[in-house]
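# Residue-level structure breakdown
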Amino acid sequence: SEWRHPRPSSLLQIGMEKEVALVDMVAAGEDERMKAAAEKLMVWLMEDPRIVKAVFRFKEDLRRLLLCFPALSHAHVNLLDFALMDPTTGALCECEDVSGMANLKGRGPGLGLSRTVQQLLGQPLDKRQQVSNWDRRPLTPAQVQYAALDAWVLLRVHEAAAVRALKCKLAT
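## Some points on the packing of helix H5 (residues 113-121) against helix H6 (residues 141-171)
The N-to-C vectors of H5 and H6 enclose an angle of 45°; their axes lie 10 Å apart at closest approach. Here H6 runs oblique to H5, going by the angle between their axes. As for the relative orientation of H5 and H6, their crossing is left-handed in sense. Contact with H5, carried on its side by Leu 113, Thr 116, Val 117, Gln 119, Leu 120 and Leu 121, involves Asp 150, Val 153, Leu 154, Arg 156, Val 157, Ala 160, Ala 161 and Arg 164 of H6 and no other residues of that element. Grouping the amino acids of the contact of H5 with H6 by side-chain chemistry returns nine nonpolar, two polar and three charged.

## What to know about the layout of surface pockets
The calculated volume of the largest pocket comes to roughly 960 Å³. Along its surface, the largest pocket is lined by 36 residues, and Gln 13, Ala 54, Val 55, Ala 151 and Leu 154 are the ones closest to its centre. Those elements that place two or more of their residues in the lining of the largest pocket are strand S1 (11-15), helix H2 (32-47), strand S3 (53-55), helix H3 (58-68), H5 and H6. If you tally residues by element for the lining of the largest pocket, the top one is H6, at seven residues.

## Looking at the pairing of strand S2 (residues 20-24)
One ladder, built from five bridges, connects S1 with S2; its direction is antiparallel. Each residue of the ladder has a partner; that of Leu 12, found in S2, is Val 23. The hairpin formed by S1 and S2 contains four residues between the paired strands.

## Some remarks on the nonpolar core
Ranked by size, the top nonpolar core spans 19 residues in total, and within it Met 42, Phe 69 and Leu 72 carry the most contacts. When contributions to this core are tallied by element, the ones reaching two or more residues are S1, helix H1 (25-30), H2 and H3. Per-element accounting of this core gives the leading share, five residues, to H2. Here Met 42 is in contact with Leu 12, Leu 65, Phe 69 and Leu 72, once residues within four sequence places are set aside.

Thresholds, definitions, all that
- Residues numbered from 1 in each chain as written.
- Predicted model: local features only at pLDDT ≥ 70, side-chain atom pairs only at ≥ 80, totals over all residues.
- Heavy atoms only, no water.
- Axes fitted to C-alpha atoms, helices over the stretch in contact; angles between N-to-C directions.
- Helix = DSSP H or I, 4+ residues; strand = E, 2+ residues; numbered from the N terminus.
- Parallel < 35°, antiparallel > 145°, perpendicular 65-115°, else oblique.
- Left-handed = near helix turned anticlockwise from the far one by under 90°.
- Contact = heavy atoms within 4.5 Å.
- Nonpolar A, V, L, I, M, F, W, Y, C, P; charged D, E, K, R; others polar.
- 1 Å grid on protein atoms, 1.4 Å probe; cavity = no way out; pocket = protein on both sides within 12 Å on 5 of 7 lines; lining within 4 Å.
- Points joined across faces, edges and corners; volume = space filled by probe spheres on them.
- Pairing = 2+ DSSP bridges.
- Core = buried A, V, L, I, M, F, W, Y, C linked by side-chain atoms within 4.5 Å.
- Buried < 20%, exposed > 50% of the residue type's maximum accessible area, 1.4 Å probe, protein only.

Quick look at the structure:
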């Protein structure tokens, strides 16, 4: 999720194996039917245990998403937060529900997403667009690219962490 204060969420990114969906939360906030459809989609995604939800420092995103979608407060989410990963072993925190994620203390600042990506995939993630104006429409091509890459790269981090965890397990 990307945002600009005070809006709870300006853009929602959903990374899938072969594509990324970007949900315009600015437009959804102006149209009740679109907002209801976005909430229904989010609850379905978060409740389905077959869907891996790879996230990074999700606590603030979650707080903001709960402001947009109150129905998420009861959704079982099965989240994998890679900010809580041990970069040496690939072991990470798995959260069964939203309340567990909202209350996580984490390991302190740890590695940011760019450094985590560099450590696991060999190249840092360019985060310059992170501080751009996510409420301005239309989004710039650089913002769209950043938002899509930000979601897509978490799938690659998930794969690389699984390989690292398997290697560590085999080595013991």
